[in-house]
Amino acid sequence: MKTLPQTCEQCLEEFSTALEELVIYASRGEKTGYSEIHSRDLIINFEVAHELALKVIAKFFEKQKKGPFSGSRDATVEAFHAELIDDGKSWLDMIIDRIQYNPVYSIDTQANFLENIRKRYIRLLERFERTMAKKLEE
C-alpha cells in the first residue's frame, strides 16, 4: 500500500518532537554530567533533529516548486536566502561539524561538537522551529 507523502506541516511536527527530545536530553546531561554513552546519544539526537530540520526545509521548497538541492549545504544556503534561518554561517558550521565528527576521519572533534550542540546549535534549531511555524501560518 502506498503512503501519502508528508506535508511540510507534518515534517515540522516531527522535527519539533525530535527537537523537544534533544532539549530534554541536553538539559538532563547538564544536571548529571556527560558520560561517554550520554555524549554519544546526545550527538545522535542532535543528528536526528538536524536531519529533520533539513527535511522541513526541503518540503518547504518543494511546496514552492524549488529544488531539489544537491545536498544539505545547498539547501541551507537557500534557506538562509529565503529567511528560514537567520545565521547561515552557524548552520553551515553544523554541517561541517557533522562531517568532521564522522568516525571515518581520525581527528577527535567530539568535545568541540558536543559544546557546539549545547551552546549554539540547539538555539539555532529552536529559532528555526519558531520561524517555520510562522511561515507556515502565512
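Above: the structure in question.
Numbers given to residues run from 1 along each chain, matching the order in which its sequence is written. The model is predicted, so local features are restricted to residues of pLDDT at least 70 and side-chain atom pairs to those at 80 or more, both for listing and for counting; the totals for chains, interfaces and linings are taken over all residues. With hydrogens and water stripped out, all remaining heavy atoms of the structure feed into the side-chain values.

Chemist: Run through the overall build of the protein, naming residues and quoting values.
Modeler: We count a stretch as a helix when DSSP gives it H or I for four or more residues in a row; a strand needs E for two or more, and each element gets its number in order from the N terminus. Along its length, the protein carries 5 helices and 0 strands. Secondary structure of the protein in N-to-C order comes out as α-α-α-α-α. Using C-alpha atoms as the atom set, the radius of gyration is obtained and then compared with a globule rule of 2.2 Å times the number of residues to the power 0.38. Computed over C-alpha atoms, the radius of gyration of the protein comes to 15 Å, within 12% of the 14 Å expected from 2.2 N^0.38 for 138 residues, which places it in the range of a compact globule. Taken over the C-alpha atoms alone, the protein extends approximately 45 × 35 × 25 Å along its principal axes. Here the protein, with 138 residues, has 38% of them falling under the buried criterion. The contact rule is simple, with two residues in contact once any of their heavy atoms fall within 4.5 Å. Counted over contacts in the protein with a minimum sequence separation of 6, partners at least 24 positions apart contribute 69%. Shrake-Rupley sampling with a 1.4 Å probe provides the accessible areas, and residues are treated as covered by the protein chains on show and by no other component. Split by element, the accessible area of the protein, about 8,500 Å² in all, is 52% carbon and sulfur. Charged residues are defined here as Lys and Arg on the positive side and Asp and Glu on the negative side; His and the ends of the chain fall outside this count. A charged residue contributes its charge at one atom only: NZ of Lys, CZ of Arg, CG of Asp or CD of Glu. Computed over 20 positive and 24 negative side-chain charges, the separation of the two mean positions in the protein equals 1 Å. Between buried and exposed lies partly exposed: a residue is buried under 20% and exposed over 50% of the maximum accessible area for its type, with that area taken using a 1.4 Å probe on protein chains only.

Chemist: Give a description of the nonpolar core that names residues and reports values.
Modeler: We call a set of buried residues a nonpolar core when its members are Ala, Val, Leu, Ile, Met, Phe, Trp, Tyr or Cys and they connect through side-chain atoms within 4.5 Å of each other. Counting residues in each nonpolar core, the largest one holds 37 residues, and the members touching the most others are Phe-15, Trp-91, Leu-125, Phe-128 and Met-132. Counting residues per element, the ones that place at least two in this core are α1 (8-32), α2 (36-63), α3 (72-81), α4 (88-101) and α5 (110-137). Of all the elements, α2 adds the most residues to this core, at 11 residues. Not counting residues up to four positions away in its chain, the partners in contact with Phe-128 are Phe-15, Ala-53, Val-56, Ile-57, Leu-84, Ile-85 and Trp-91.

Chemist: Run through the packing of aromatic side chains, naming residues and quoting values.
Modeler: Paired rings are identified among Phe, Tyr and Trp, the last through its six-membered ring, by centres lying within 6.5 Å, and are further divided according to the angle between planes into stacked (under 30 degrees), edge-to-face (over 60) and tilted (the rest). Following the criterion strictly, the structure yields 7 aromatic pairs and no others. With a centroid separation of 5.6 Å and 85° between ring planes, the pair formed by Phe-46 and Phe-113 is classed as edge-to-face. Here Phe-113 lies in helix α5 and Phe-46 lies in helix α2, a separation of 67 residues in the sequence. Just as Phe-46 is buried, Phe-113 falls in that class too.

Chemist: Can you break down the side chain of Asp-93 residue by residue, with the values?
Modeler: Mapped onto the elements of the fold, Asp-93 is located in helix α4. In this view, Asp-93 contacts Arg-120 and Tyr-121; residues no more than four positions away in its chain are not counted.

Chemist: With reference to specific residues and values, describe the pattern of salt bridges.
Modeler: When a carboxyl oxygen of Asp or Glu is within 4 Å of a side-chain nitrogen of Lys or Arg, the pair counts as a salt bridge. Considering all chains together, one arrives at 11 salt bridges under this definition. With its nearest N and O atoms 3.2 Å apart, the salt bridge here joins Lys-63 to Glu-9. Of this pair, Lys-63 sits in helix α2 while Glu-9 sits in helix α1, placing them 54 residues apart in sequence. Here the residues in one salt-bridge network are Glu-47, Glu-51 and Arg-98, joined through shared partners.

Chemist: Pulling in residues and values, what's your account of the environment of Thr-131?
Modeler: Relative to the elements of secondary structure, Thr-131 occurs in helix α5. By relative accessible area, which is 25% here, Thr-131 ends up partly exposed. A sequence separation of 50 residues divides Thr-131 from His-81, and the C-alpha atoms of the two residues are 14 Å apart. When sequence neighbours within four positions are dropped, the list of residues in contact with Thr-131 reads Glu-83 and Leu-84.

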